Amino acid sequence: MAGKFFLIDTTRCMGCRGCQIACKQWKKLPAGETKQYGTYQNPLDLNGDTYRLVRFAEHPSKVNSVTWYFFTDACRHCLAPPCKKKADQIVKDAIIVDDLGAVLHTAKTKQLEKSANAIKQSCPWSIPNWSSKKKKLAKCNMCVERVEVGLLPACVKTCPTGALNFGDEAEIKKLANQRFAAAKKKFGGNVQILDAKDVRALFLVLDDLPMYLKSA
Ligand code: SF4
Ligand code: SF4
């Protein structure tokens, strides 16, 4: 398998949104007008101009008045990508997996535009969005243009806390095990690594995923 992996250690995330902005800046994606939706999260979801989004959820806490759940969301670069399986039924190899393991949505075809919603729905996390400007499905590409010349993805490079990590499989899985053990010792309870056998973006979390996606 090899290739590259992310470790997203949510226990270290402070919700600064540096990763979200770094992604926008590197990819030259326009900012969207911010709105108050009753949450600190902006925008409300990933879109054709937003490939990484820091989700904010708040829950009542016995210790403090509120506990924040921060979740920097983007493509997981699945090992057997459901989006590719779906797209292959429409246009063969419209989505490819490169040597790094990055899942790349490359094709610009009318046929794919018509099926963009079906491809989005095939993704367990509804990640890709049709970009009407780019005329293609838009999402994180693992910053392959940086990684291929020995640089880190822009989001990882900018993260100030060690929440975002990137590297070879053995290195990242070793780090994931170390961080998991440390989190289990410190927080106990429901510490887990989400979908570890299926994805290249390993999320270390303190609770089940829905807690990170929706406020109480
Ligand atoms: S997370 Fe979604 S968009 Fe990314 S590779 Fe997996 S199925 Fe495709
Ligand atoms: S840059 Fe790091 S600490 Fe800041 S929101 Fe992103 S993952 Fe969290």
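Presented here is an overview of the structure given in this document. The structure presented is a predicted model; accordingly, all values stated were derived computationally and were not measured.

Counting its regular elements, the protein contains eight helices and 10 strands. Relative to the globule expectation of 17 Å for 216 residues, the C-alpha radius of gyration of the protein, 17 Å, shows essentially globular dimensions. Along the three orthogonal principal directions, the C-alpha set of the protein runs to about 55 × 40 × 30 Å. Contacts in the protein between residues at least 24 apart in sequence constitute 60% of all its contacts with a sequence separation of at least 6. Element-wise, carbon and sulfur atoms account for 54% of the exposed surface of the protein, whose accessible area totals about 11,400 Å². In the protein, 35 positive and 20 negative side-chain charges are present, and the distance between their average locations comes to 2 Å.

Another aspect to go through is the site of ligand 2. Taken together, 14 residues form the shell around ligand 2, and within it Cys13, Cys16, Arg17, Cys19 and Cys159 come nearest. Its residues assigned to classes, the shell around ligand 2 comprises nine nonpolar, four polar and one charged.

Moving on to the sheet that holds strand β9 (residues 192–194). With respect to topology, four strands assemble into an open sheet ordered β8-β1-β10-β9, the strand pairing being mixed. What marks the edges here is a single partner per strand, and that holds for β8 (164–168) and β9. Taking the axes of each pair of neighbouring strands and ignoring which way they run, one obtains an average angle of 25° across the sheet. Strand direction decides the pairing type here: strand β1 (residues 4–9) and β8, joined by five bridges, are antiparallel. Each bridged residue has a counterpart across the sheet, and for Leu7 the counterpart in β8 is Asn165.

What follows is about the site of ligand 1. Around ligand 1, a shell composed of 14 residues is seen, among which Cys75, Arg76, Cys78, Cys83 and Cys123 lie nearest. Of the residues in the shell around ligand 1, the class split is 11 nonpolar, one polar and two charged. The residue makeup of the shell around ligand 1 includes at least three contributed by each of domain 1 (4–77 + 155–213) and domain 2 (82–144).

Judged by side-chain polarity, Tyr40, Val66 and Trp68 come together as a nonpolar surface patch covering roughly 280 Å² of accessible area. Here Val66 shows up in strand β3 (residues 66–73).

Membership of the largest hydrophobic core comes to 45 residues, with the highest contact counts inside it found for Phe6, Phe71, Trp125, Met142, Leu164, Leu202 and Phe203. In terms of residue count, the dominant contributor to this core is strand β10 (residues 201–205) (five residues). Residue-level mapping places this core at the junction of two domains, with at least three residues from each of domain 1 (4–77 + 155–213) and domain 2 (82–144). When residues no more than four places from it in sequence are discounted, the contact partners of Phe6 are Arg52, His77, Met142, Pro153, Cys155, Val156, Asn165, Phe166, Ile172, Arg200, Ala201 and Leu202.

Here we take up unusual backbone geometry. With an omega of -5°, the peptide bond between Asn42 and Pro43 qualifies as cis. Among the structural elements, Pro43 can be located in the loop between α1 (18–26) and β2 (53–60). Phi is positive for Asp93, close to 60°, though the residue is something other than glycine. Tracing the backbone through its elements, the reader meets Asp93 in the loop between α2 (82–88) and β4 (95–97). Residues other than glycine seldom take positive phi values, yet Cys143 does so here, at roughly 50°. Secondary-structure assignment places Cys143 in the loop between β7 (136–138) and α5 (144–147).

Conventions and cut-offs
Residues numbered from 1 in each chain as written. Chains lettered and ligands numbered in written order. Predicted model: local features only at pLDDT ≥ 70, side-chain atom pairs only at ≥ 80, totals over all residues. Heavy atoms only, no water. Helix = DSSP H or I, 4+ residues; strand = E, 2+ residues; numbered from the N terminus. Rg over C-alpha atoms; globule rule 2.2 N^0.38 Å. Contact = heavy atoms within 4.5 Å. Areas by Shrake-Rupley, 256 points an atom, 1.4 Å probe, with all protein chains shown as cover. Lys, Arg positive; Asp, Glu negative; His and termini not counted. Charge placed at Lys NZ, Arg CZ, Asp CG, Glu CD. Near = heavy atom within 4 Å. Nonpolar A, V, L, I, M, F, W, Y, C, P; charged D, E, K, R; others polar. Pairing = 2+ DSSP bridges. Axes fitted to C-alpha atoms, helices over the stretch in contact; angles between N-to-C directions. Domains from an automatic or database assignment. Patch = residues over 30% accessible without salt bridge, like charges linked within 9 Å, V, L, I, M, F, W, Y side chains within 5 Å. Salt bridge = Lys/Arg side-chain N within 4 Å of Asp/Glu carboxyl O. Core = buried A, V, L, I, M, F, W, Y, C linked by side-chain atoms within 4.5 Å. Buried < 20%, exposed > 50% of the residue type's maximum accessible area, 1.4 Å probe, protein only.

Fair warning: the whole summary comes from geometry, so function is off the table for now.
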